[in-house]
Amino acid sequence: MRKNIIFFTAILLLSLAAGSCKRISNKNQNEEVILASFTVLADIIKNVSKDDFIVRSIVKPGVEVHGYQPTPSDLVKASSAFVFVDNGFGFELWAEKFISNLKVKRITVSEGLDPIFISEDSYEGKPNPHAWISPKRGMLYVDIIVESLSELRPSKRELFEENGRIYKDKLSTIDKEFSLFINNLNKEKRYLVSCEGAFSYLTNDYGLEEVYLWPVNAESQITPKRMARTISIVKDKNVQAVFCESTVSNESQMVVVNETGASFGGDLFVDSLSEDSGPASSYIKMLKHNLNLIKKGLL
Ligand SMILES: [Zn+2]
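Criteria and thresholds
- Residues numbered from 1 in each chain as written.
- Predicted model: local features only at pLDDT ≥ 70, side-chain atom pairs only at ≥ 80, totals over all residues.
- Heavy atoms only, no water.
- Helix = DSSP H or I, 4+ residues; strand = E, 2+ residues; numbered from the N terminus.
- Buried < 20%, exposed > 50% of the residue type's maximum accessible area, 1.4 Å probe, protein only.
- Contact = heavy atoms within 4.5 Å.
- Areas by Shrake-Rupley, 256 points an atom, 1.4 Å probe, with all protein chains shown as cover.
- Phe/Tyr/Trp six-rings, centres within 6.5 Å; stacked < 30°, edge-to-face > 60°.
- Lys NZ or Arg CZ within 6 Å of the ring centre and 35° of its normal.
- Donors = N, O, S within 2.8 Å, 3.2 Å for Na, K, Ca; no water.
- Tetrahedral: all angles 85-135°; square planar, octahedral: opposite > 155°, others 65-115°.
- Disulfide = S-S within 2.5 Å.
- Axes fitted to C-alpha atoms, helices over the stretch in contact; angles between N-to-C directions.
- Parallel < 35°, antiparallel > 145°, perpendicular 65-115°, else oblique.
- Left-handed = near helix turned anticlockwise from the far one by under 90°.
- Nonpolar A, V, L, I, M, F, W, Y, C, P; charged D, E, K, R; others polar.
- Lys, Arg positive; Asp, Glu negative; His and termini not counted.
- Salt bridge = Lys/Arg side-chain N within 4 Å of Asp/Glu carboxyl O.
- Polar contact = N/O pair within 3.5 Å; in protein donor to acceptor, adjacent residues only side chain to side chain.
- Pairing = 2+ DSSP bridges.
- Right-handed = clockwise from strand over helix to strand, strands pointing away.

1. Comments concerning the overall build of the protein
Part 1 of the reasoning: In terms of regular secondary structure, the protein is built from eleven helices and eight strands.
Part 2 of the reasoning: When the 299 residues of the protein are sorted by exposure, 52% land in the buried category.
Part 3 of the reasoning: Restricting the contact set of the protein to residue pairs at least 6 apart, pairs at least 24 apart contribute 61%.
Part 4 of the reasoning: Carbon together with sulfur atoms contributes 52% to the accessible area of the protein, which is approximately 14,500 Å² in total.

2. Notes on the packing of aromatic side chains
Part 1 of the reasoning: Taken as a whole, this structure holds ten aromatic pairs when the rule is applied.
Part 2 of the reasoning: Ring-pair connections join several aromatic residues into one group, and the members of that group are Tyr-68, Phe-84, Trp-94 and Phe-98.
Part 3 of the reasoning: Taking NZ or CZ as reference, Arg-153 lies 4.0 Å from the ring centre of Phe-53, over its face.

3. Observations concerning the coordination of the zinc ion
Part 1 of the reasoning: Of the protein atoms, only His-66 (NE2), His-130 (NE2), Glu-196 (OE), Glu-196 (OE), Asp-271 (OD) and Asp-271 (OD) coordinate the zinc ion, at distances of 2.0 to 2.6 Å.
Part 2 of the reasoning: Seen from the zinc ion, its six donor atoms lie at angles of 52 to 154°, and the figure they make is irregular.
Part 3 of the reasoning: Spacing between the donor residues of the zinc ion along the chain follows H-x63-H-x65-E-x74-D. With His-66 in the loop between strand 2 (54-57) and helix 4 (72-79) and Glu-196 in strand 5 (residues 191-196), the pair connects residues that are 130 residues apart, well separated along the chain.

4. Here we look at the state of the cysteines
Disulfide: a covalent bond formed between the sulfur atoms of two cysteine residues.
Part 1 of the reasoning: Scanning all chains against the criterion turns up one disulfide.
Part 2 of the reasoning: The disulfide that involves Cys-195 links it to Cys-244, with 2.0 Å between the sulfurs. On the S-S bond that ties Cys-195 to Cys-244, the torsion sits near -110°, and the link is left-handed. Placement of the pair is Cys-195 in strand 5 and Cys-244 in strand 7 (residues 241-245), with a sequence separation of 49 residues. In this structure, Cys-195 and Cys-244 share a single accessibility class: buried.

5. What to know about the environment of Leu-152
Part 1 of the reasoning: For Leu-152, the location among the structural elements is in helix 6 (residues 135-152).
Part 2 of the reasoning: Between the alpha carbons of Leu-152 and Val-83 there is a distance of 9.2 Å; along the sequence they are 69 residues apart.
Part 3 of the reasoning: Residues within four places of Leu-152 in sequence aside, it is in contact with Phe-82, Val-83, Lys-105 and Ile-107.

6. What about the packing of helix 9 (residues 224-236) against helix 10 (residues 251-260)?
Part 1 of the reasoning: Axis separation between helix 9 and helix 10 bottoms out at 10 Å; the angle between their running directions is 45°. Compared by their axis directions, helix 9 and helix 10 come out oblique. Relative to helix 10, the crossing made by helix 9 is right-handed. Packed against helix 9, whose contacting residues are Met-227, Thr-230, Ile-231, Val-234 and Lys-235, the element helix 10 presents Ser-252, Val-255, Val-256, Glu-259 and Thr-260 at the interface.
Part 2 of the reasoning: Class assignment for the residues of the contact of helix 9 with helix 10 results in five nonpolar, three polar and two charged.

7. A short note on the environment of Pro-129
Part 1 of the reasoning: Along the chain, Pro-129 falls in the loop between strand 4 (105-108) and helix 6.
Part 2 of the reasoning: Between the C-alpha atoms of Pro-129 and Ala-198, which are 69 residues apart in sequence, the distance is 7.9 Å.
Part 3 of the reasoning: Leaving out residues up to four positions away in the same chain, Pro-129 has contacts with His-66, Asn-87, Gly-88, Phe-89, Phe-91, Tyr-141 and Tyr-201.

8. Some details on the side chain of Asp-271
Part 1 of the reasoning: Along the chain, Asp-271 turns up in the loop between strand 8 (263-268) and helix 11 (283-298).
Part 2 of the reasoning: One buried charged residue, Asp-271, forms no salt bridge at all, with the nearest opposite charge on Arg-226 at 14 Å.
Part 3 of the reasoning: Within the structure, the side chain of Asp-271 is placed 3.1 Å from the side chain of His-66, a separation counted as a polar contact.

9. Thoughts on the sheet that holds strand 4
Part 1 of the reasoning: An order of 2-1-3-4 is seen for the four strands of this open sheet, with the pairing classed as parallel. Two strands bound the open sheet, and with one partner strand each, they are strand 2 and strand 4. Along the sheet, successive strands turn relative to each other by an average axial angle of 25°, direction set aside.
Part 2 of the reasoning: Where strand 1 (residues 33-36) lies against strand 3 (residues 83-86), three bridges are found, and the strand directions are parallel. From the neighbouring strand, Ile-34 faces strand 3, where its bridge partner is Val-83.

10. Remarks on the environment of Met-139
Part 1 of the reasoning: The residue Met-139 is located in helix 6 in this model.
Part 2 of the reasoning: For Met-139, a relative accessible area of 15% puts it in the buried group.
Part 3 of the reasoning: A C-alpha to C-alpha distance of 8.9 Å links Met-139 and Asp-169, two positions 30 residues apart in sequence.
Part 4 of the reasoning: Excluding its chain neighbours within four sequence positions, the residues that come into contact with Met-139 are Lys-168, Leu-171, Ser-172 and Asp-175.

11. Examining the pairing of strand 4
Part 1 of the reasoning: Note: strand 3 against strand 4, four bridges, orientation parallel. By the bridge assignment for strand 4, Val-83 is matched with Lys-105.
Part 2 of the reasoning: Crossover handedness for the path strand 3 to helix 5 (residues 95-100) to strand 4: right-handed.

What is shown is where atoms sit, not what they do.
Here is the structure:
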């Protein structure tokens, strides 16, 4: 019954949206909507497009993305959007179904990226989706978005390229500062212990060892074997601080803290930006927040 209600609501909303299409076709170009799957991507696109498109995110700040359940109003938003942009690499488990009935252009950023593969359990051989977590890869996201928007609107190519350059300079500063920090950090201290295995691109790009409680948040479950492995590494390597992520409970990581005497380094932001009042309300702020916490914890 409930399913039927949701279905009919979606159809009703879609027909209302279809009714407004005539109005949309008369809209000024800079009123066209780019719909990103999640907040990090939306923020990167905003920094490249500036006022040229309206950019929105399906998943809201602070909300878990992997297993998100789109709502009827998400469908309506997507049906009137100009283009849908997703990360890919299996990040948005809901995206294929969501997009399958909509006639909207699609850009999948990961098609332009080299993956790092997960090497554990049932995820063996699947790409790790969290490439944006490394500032070095973030700069590649910007390049891909610049190119994609320029193809959508060729007359604005120079503007998008200039916006991209300015934005990448900021990412490059963050990249250089973190590289310098790691290069000056004692090799025995180069461990990043988190809840989700979301930091592979960061640890790979900057020379850290990655340790995590579970491979992806869609699972978000700690097995005794994984818990024992994490505790053993933290003890053996005398890891000073362990971390968790903003979109999941840090309860399991607190067990590691209690068992090992390591300190809790704080919640890192990965899959979702924070609300405006939070510490990670933009991609740049998110990177700075994460890298500052990691620096404090590892010193
Ligand atoms: Zn994740």
